[in-house]
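An overview of the molecular structure
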Amino acid sequence: MNYLNIYSTVINNFLKKNKNAYNLLKLGIFIGKNYVKFFPDKRLPKSLRYLHQIAFSWTYKGMTSKRCVWVNLFAPAEILLAFNLDPIFVEAISAFLSGLELEDELILRAESFGISESFCSFHKAFIGAVLSDLLKKPKFLVATSSICDANLNTFRFISENLKIPFFFLDVPREYSEEAKDYLKLQLKELISFVEKETGAKLDLHKLSRIIQIENQVRGQMKKCLELLGKKQIPTTLTFEMFMLYTSHTFIGKEETLRFYKMLVEDLRNAKARDKKGVFFIHTLPMFEENFKNLFNFNKDLTIIGMDLNYDFLEELPTDDPIEALSIKLLKNPYNSDFEKRIEHIKKLISLTSPDAVIQVCQMGCKQSIGCSMLFKEEFKKLDIPFTFIDVDCVNKKNNNHGQIKTRLEAFFESIK
């Protein structure tokens, strides 16, 4: 048994006895963020070592800071960053806790409060952590209606049970001038809400600067996409998931811009791609053993990317940051019907030229499972090998490892 197993066992024992394990968790994250800083994995390129550091640091702040705010992945975190708050998204917390092998107790706790067994395990583990007092109570909550229909239920449940202020943004599914005005009004209300909760006034110049950085980040992302089709760097499923931090909640941070510049440089200096490249849709099962064995530092396969890390690539206006945020939310192709989503993914595929595409259907996510057959038809037209696999990225007990192994082996045998 290694130190991480011992640490996980101790926290699990605290949870089973209804003891507060927050300080123990906080200590572990503190040690972890310093460990990855001073003892980085030397198999990784410099950019991913840096990503490891900043993702750990943001997780630590989001879970322990007095200024932490819980958000969903698509919340306009730029506004929170402009107030020097420390946002953290639900999926990051759940994945982190699952990495510590705590999900069993947390999901059990959530289900004991009446949360359905079929509810997304990212959200169930998060709710279980909240109900177990494993997380520091945030200043408030912010979520949008974008893409995931679990968000409203989860955030409303937490707000009502913990008496935490909650702001919900209703994002229309189609772009129009009326929809943009409707959303701009809500964003202004969100700013007033944050000003009331923090006692501070928004600095619009700071918000504009965040949007400027965001535009620069997207410029670097486009360079990455061009290079990912030709080059390969050693990586793992976990680091592609870490990029959700830099492609969403923290996209307006200076650290994010530095990371993508480093990634472009690493890709430019990397060897030409000679492995089979796989592009992922929706998410990555970074704790599932078969996927880990196949993709983490594999000599025959490489991870090209994941669609959610490149979901919005347009340049935003910087003179009116509220308008910019409304455009970003409304024009996200994942906020609309399937046709816009598949057209966007086709563009990513044409840029990166993968040898195969895998859609990971997170259990409990109706949005991902419902698109599988449509994806299959589209990739058949493109003559690109495609498969979809049901995996639970958080609750490992839900995965039939034998079936997943058989599906993956058969798929990769077919594309040799």
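Being a predicted model, the structure only gives us computed values, none of them experimental.

Attention now goes to helix α18 (residues 401-414). With 14 residues, α18 ought to run about 20 Å at 1.5 Å a step, and its terminal C-alpha atoms sit 20 Å apart, in line with that. Tucked into the core, α18 has its buried residues touching β5 (276-281), α13 (289-295), β6 (301-306), β7 (356-362) and β8 (386-391). The distance from a side-chain oxygen at the start of α18 to the backbone nitrogen of G402 is 3.2 Å, and the residue carrying that oxygen is N400.

Moving on to the sheet that holds strand β3 (residues 141-144). Strand order in this open sheet of four strands is β2-β1-β3-β4, and the pairing throughout is parallel. The open sheet is flanked by β2 (86-89) and β4 (166-169), the only strands paired with a single partner. Recorded for the sheet is a direction-independent mean angle of 25° between the axes of neighbouring strands. Examined bridge by bridge, strand β1 (residues 68-71) and β3 share two bridges and lie parallel to one another. By the bridge assignment, W70 is partnered in β3 with L141. In this fold helix α3 (residues 46-64) packs onto β1 and β2, with an angle of close to 100° to the strand it touches most, β2. Sitting on the sheet, helix α8 (residues 150-162) is in contact with β1, β3 and β4, with an inclination near 160° to β3.

Now for unusual backbone geometry. Phi at I147 takes a positive value of approximately 65°, unusual for a residue other than glycine. For I147, the location among the structural elements is in the loop between β3 and α8. One non-glycine residue, S353, lies in the positive phi region at around 45°. Overall, S353 belongs to the partly exposed group, its relative accessible area being 42%.

A separate point is the packing of aromatic side chains. Evaluated as defined, the whole model comprises 24 aromatic pairs. With 6.1 Å between their ring centres and 65° between their planes, F242 and Y245 make a pair best called edge-to-face. Of the two residues, F242 and Y245 are both situated in helix α11 (residues 237-249); the distance of three residues between them amounts to about one turn of the helix. The pair F242 / Y245 is uniform in exposure class, with both members buried. When the centroid spacing of 5.3 Å and the interplanar angle of 65° are considered together, the rings of F411 and F412 count as edge-to-face. Across the ring face of Y50, the terminal group of R258 is positioned such that the distance to the ring centre comes to 4.3 Å. Directly above the ring of F388 sits R407, whose terminal nitrogen or CZ lies 5.9 Å from the centroid.

What follows deals with the sheet that holds β6. Taken together, four strands build an open sheet; the order of strands is β6-β5-β7-β8 and the sheet is parallel. The strands lining the two open edges of the sheet, one partner per strand, are β6 and β8. The sheet shows a mean angle of 30° between the axes of neighbouring strands, direction not considered. In this structure, β7 lies alongside β8, joined through six bridges in parallel fashion.

What counts and what doesn't
Residues numbered from 1 in each chain as written. Predicted model: local features only at pLDDT ≥ 70, side-chain atom pairs only at ≥ 80, totals over all residues. Heavy atoms only, no water. Helix = DSSP H or I, 4+ residues; strand = E, 2+ residues; numbered from the N terminus. Expected span 1.5 Å × (residues − 1). Contact = heavy atoms within 4.5 Å. Polar contact = N/O pair within 3.5 Å; in protein donor to acceptor, adjacent residues only side chain to side chain. Pairing = 2+ DSSP bridges. Axes fitted to C-alpha atoms, helices over the stretch in contact; angles between N-to-C directions. Buried < 20%, exposed > 50% of the residue type's maximum accessible area, 1.4 Å probe, protein only. Phe/Tyr/Trp six-rings, centres within 6.5 Å; stacked < 30°, edge-to-face > 60°. Lys NZ or Arg CZ within 6 Å of the ring centre and 35° of its normal.

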